[in-house]
Amino acid sequence: MVDRMLRLLVANNVVSCIVQTIDDGHLLRKCSAVPIYKYLTKNEDGRLGSHKAKTLKIINLKYYLKDSILKGDIPMKAAYGILLFDYISFDPWYSKVFNEGMKGHSSIIIKNLLHVYSGFDDMEVLVDVGGSDGATLQMITSKHPHIKGINYDLPYVISSAQPMPDLP
């Protein structure tokens, strides 16, 4: 589990990793922090990077990560007795930050996907379950206007989504 988490952090440029083959043929990974890590650790004043106080609740989950891995718990639930998406549902500020982060991540992937993937060519209807504000669906239907797009998410998420024009 720890190895999988480290690979995820490496893939998202939170840590760097060098892989070496040791004498017995096994692989040895040496991981270290990269500059973005300064936002996840305390600075000399004891404060976390430049994050606002509201995000401390989420960032402090790192202190529950080890126990969550060992016990199979979800860090947010172990720390605060609530799941992340439940927390987001009643904190509009964090909901906006979270959704903007997801939108930024998704837009990079979908933009690249649309250049090489032809699986949408013959599709008539596309349902995006957990589609957030509909940005991903809008990118797909903009390139493939013949697709009827349906964005499906929780009511508090959909309520902040921008309406999309009806397509012919």
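Residues numbered from 1 in each chain as written. Predicted model: local features only at pLDDT ≥ 70, side-chain atom pairs only at ≥ 80, totals over all residues. Heavy atoms only, no water.

(A) Molecular detail of the overall build of the protein chain. Regarding its fold elements, the protein chain presents eight helices and four strands. Reading the protein chain from its N end, one meets helices and strands in the order α-β-β-α-α-α-α-α-β-α-β-α. Per-residue burial for the protein chain yields a buried fraction of 20% across its 168 residues. Taking contacts inside the protein chain between residues at least 6 apart in sequence as the whole, the part at least 24 apart equals 31%. Taken as a whole, the protein chain presents about 12000 Å² of accessible surface, with 59% of it coming from carbon and sulfur. (Helix = DSSP H or I, 4+ residues; strand = E, 2+ residues; numbered from the N terminus. Buried < 20%, exposed > 50% of the residue type's maximum accessible area, 1.4 Å probe, protein only. Contact = heavy atoms within 4.5 Å. Areas by Shrake-Rupley, 256 points an atom, 1.4 Å probe, with all protein chains shown as cover.)

(B) Examining the state of the cysteines more closely. Summed over all chains, the structure comprises zero disulfides. Cysteine cysteine 17 is unpaired, with the sulfur of cysteine 31 as its nearest cysteine sulfur at 3.4 Å. Since its relative accessible area comes to 32%, cysteine 31 is described here as partly exposed. (Disulfide = S-S within 2.5 Å.)

(C) Highlighting the pairing of strand E4 (residues 148-152). Bridge analysis of strand E3 (residues 125-129) against E4 gives five bridges, and the strand direction is parallel. The residue bridging valine 127 from the neighbouring strand is isoleucine 150, located in E4. Following the chain from E3 across helix H7 (residues 135-143) to the adjacent parallel E4, one finds a crossover that is right-handed. (Pairing = 2+ DSSP bridges. Right-handed = clockwise from strand over helix to strand, strands pointing away.)

(D) Quick look at the packing of aromatic side chains. A full pass over the atoms with the stated rule returns two aromatic pairs. Here tyrosine 87 and phenylalanine 90 contribute two aromatic rings whose centre-to-centre distance is 5.4 Å and whose plane-to-plane angle is 75°, an arrangement assigned as edge-to-face. Within this pair, tyrosine 87 and its partner phenylalanine 90 are both found in helix H5 (residues 84-90), separated by three residues, close to a single helical turn. Tyrosine 87 gets classed as buried once you look at its relative accessible area, which sits at 6%. On the basis of relative accessibility, which here comes to 52%, the residue phenylalanine 90 falls in the exposed class. (Phe/Tyr/Trp six-rings, centres within 6.5 Å; stacked < 30°, edge-to-face > 60°.)

(E) Region of interest: the confidence of the model for the protein chain. Per-residue confidence for the protein chain gives a mean pLDDT of 77; residues scoring 70 or more make up 82%. Every residue in residues 45-53 scores below 50 in pLDDT, and together they form 17 contacts with partners more than four places removed in sequence or on other chains. (pLDDT = per-residue confidence, 0-100.)

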